[in-house]
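The residues making up each chain are set out below.
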Amino acid sequence: MKTSVYSYISNAALAGRKLVALLVDPDSFDDDITTRMSAESGADLIFVGGSLLSGGDLERTISILKKFCSIPVVIFPGSISQICPEADAILNLCLISGRNPEFLIGQHVIAAPALKASGLEILPTGYMLIESGRQTTASYISGTTPLPHDKDDIAMCTAMAGEMLGLRMIYMDGGSGALNTVSDSMIHKVKKHVSVPLIVGGGIRDVATALKICKAGADVIVIGNAAQDDTSLIKKITKAIHSIPQLQ
């Protein structure tokens, strides 16, 4: 039987094997460049989606990626309309860093029948927006205030609450175009107090930063805008991350 995406991520986390996810925004998808980069990068996962799709075609993007790439393709939805059965799984994001009920439960109720019918593997994920030096599309669209960059205890308690509510992963994100990454101390503190896989994204633009975030405790790092700007970057980061020794 095909291994589930969640098992793939959680087993890697338990073994201390760090994973790299390439984030593809359908709005900026280039058939040749992005597909080649995805296939040749050595990345472990592809996340597809965006906070605001203004012209991109989610279904077409996923169809092309599935045709040319063998790694799991996971929808990272910015709205309830971003559902495509051709993907392998979908992050069912609960925005636990904010207090907007629409993104805590409201949109999930509306999307539930379509998600059930899609046959997608559902990945319940506690999504935490972290202040990153500028307002991002995610914080604007969600109408929420990100967690303060220097309030590690708030992030820790938020992540713990998410796990206690049954969420199976925690995703800490500075947002698309973040000026600053989530701090090492915040990642370390959150990882120390939760047992579920920890995903970290936003503002990762070089190998040194990627390594630092993984060593702080991230199980999966997400590379988005930077990879689009420099198509060789994801390959360099993946090679470095995969060289981190696993737990014995």
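Preceding this section is the structure that the text describes.
Conventions used here
Residues numbered from 1 in each chain as written. Predicted model: local features only at pLDDT ≥ 70, side-chain atom pairs only at ≥ 80, totals over all residues. Heavy atoms only, no water. Helix = DSSP H or I, 4+ residues; strand = E, 2+ residues; numbered from the N terminus. Rg over C-alpha atoms; globule rule 2.2 N^0.38 Å. Buried < 20%, exposed > 50% of the residue type's maximum accessible area, 1.4 Å probe, protein only. Contact = heavy atoms within 4.5 Å. Areas by Shrake-Rupley, 256 points an atom, 1.4 Å probe, with all protein chains shown as cover. Salt bridge = Lys/Arg side-chain N within 4 Å of Asp/Glu carboxyl O. 1 Å grid on protein atoms, 1.4 Å probe; cavity = no way out; pocket = protein on both sides within 12 Å on 5 of 7 lines; lining within 4 Å. Points joined across faces, edges and corners; volume = space filled by probe spheres on them. Nonpolar A, V, L, I, M, F, W, Y, C, P; charged D, E, K, R; others polar. Pairing = 2+ DSSP bridges. Axes fitted to C-alpha atoms, helices over the stretch in contact; angles between N-to-C directions. Left-handed = near helix turned anticlockwise from the far one by under 90°.

A.B. asks: Please provide a residue-by-residue account of the overall build of the chain, values included.
C.D. replies: Check the secondary structure of the chain and you find 10 helices and eight strands. For 248 residues, the compact-globule estimate of 2.2 N^0.38 gives 18 Å, and the C-alpha radius of gyration of the chain, at 16 Å, lies within 12% of that figure. The principal-axis extent of the C-alpha atoms belonging to the chain is close to 45 × 40 × 40 Å. Expressed as a percentage of the 248 residues in the chain, the buried residues total 52%. Once local pairs closer than 6 in sequence are excluded, the contacts in the chain between residues at least 24 apart make up 71%. In the structure as shown, the chain presents an accessible area of about 11,300 Å², 55% of it carried by carbon and sulfur atoms.

A.B. asks: So, the pattern of salt bridges: which residues are in play, and what are the values?
C.D. replies: Going through the model one piece at a time under the given rule, you end up with four salt bridges. Here arginine 60 makes a salt bridge to aspartate 31, at a shortest N to O gap of 2.5 Å. On the criterion of sequence distance, the pair formed by arginine 60 in helix 3 (residues 58-68) and aspartate 31 in helix 2 (residues 31-40) is long-range, its members being 29 residues apart. For aspartate 88, the salt bridge goes to lysine 66, with nearest N and O atoms at 2.9 Å.

A.B. asks: An account of the layout of surface pockets is needed here, citing residue identities and associated values.
C.D. replies: Its boundaries defined by the atoms lining it, the largest pocket holds a volume of some 950 Å³. Taken together, 49 residues line the largest pocket, and the ones lying closest to its centre are Gly50, Ser51, Phe76, Tyr127 and Ala138. Looking at the lining of the largest pocket, the elements that each hand over two or more residues are strand 4 (89-95), helix 4 (101-118), strand 5 (121-129), helix 5 (137-142), strand 6 (169-173), strand 8 (220-223) and helix 9 (225-229). When grouped by side-chain class, the residues that make up the lining of the largest pocket number 23 nonpolar, 21 polar and five charged.

A.B. asks: Give a description of the sheet that holds strand 5 that names residues and reports values.
C.D. replies: An order of 1-2-3-4-5-6-7-8 is seen for the eight strands of this closed barrel, with the pairing classed as parallel. Here the average twist between neighbouring strands, direction ignored, is 30°. Bridge analysis of strand 2 (residues 45-48) against strand 3 (residues 73-75) gives three bridges, and the strand direction is parallel. The residue bridging valine 48 from the neighbouring strand is isoleucine 75, located in strand 3.

A.B. asks: A description of the packing of helix 8 (residues 207-216) against helix 10 (residues 233-242) should follow, citing residues and the corresponding values.
C.D. replies: Between helix 8 and helix 10, the least distance of the axes is 9 Å, while the angle of their chain directions is 35°. Note on packing geometry: the crossing formed by helix 8 with helix 10 is right-handed. Note on element contacts: helix 10 touches helix 8 through Lys236, Ile237, Ala240 and Ile241, opposite Val207, Ala210, Leu211 and Cys214. Counted by class, the contact of helix 8 with helix 10 contains seven nonpolar, no polar and one charged residues.

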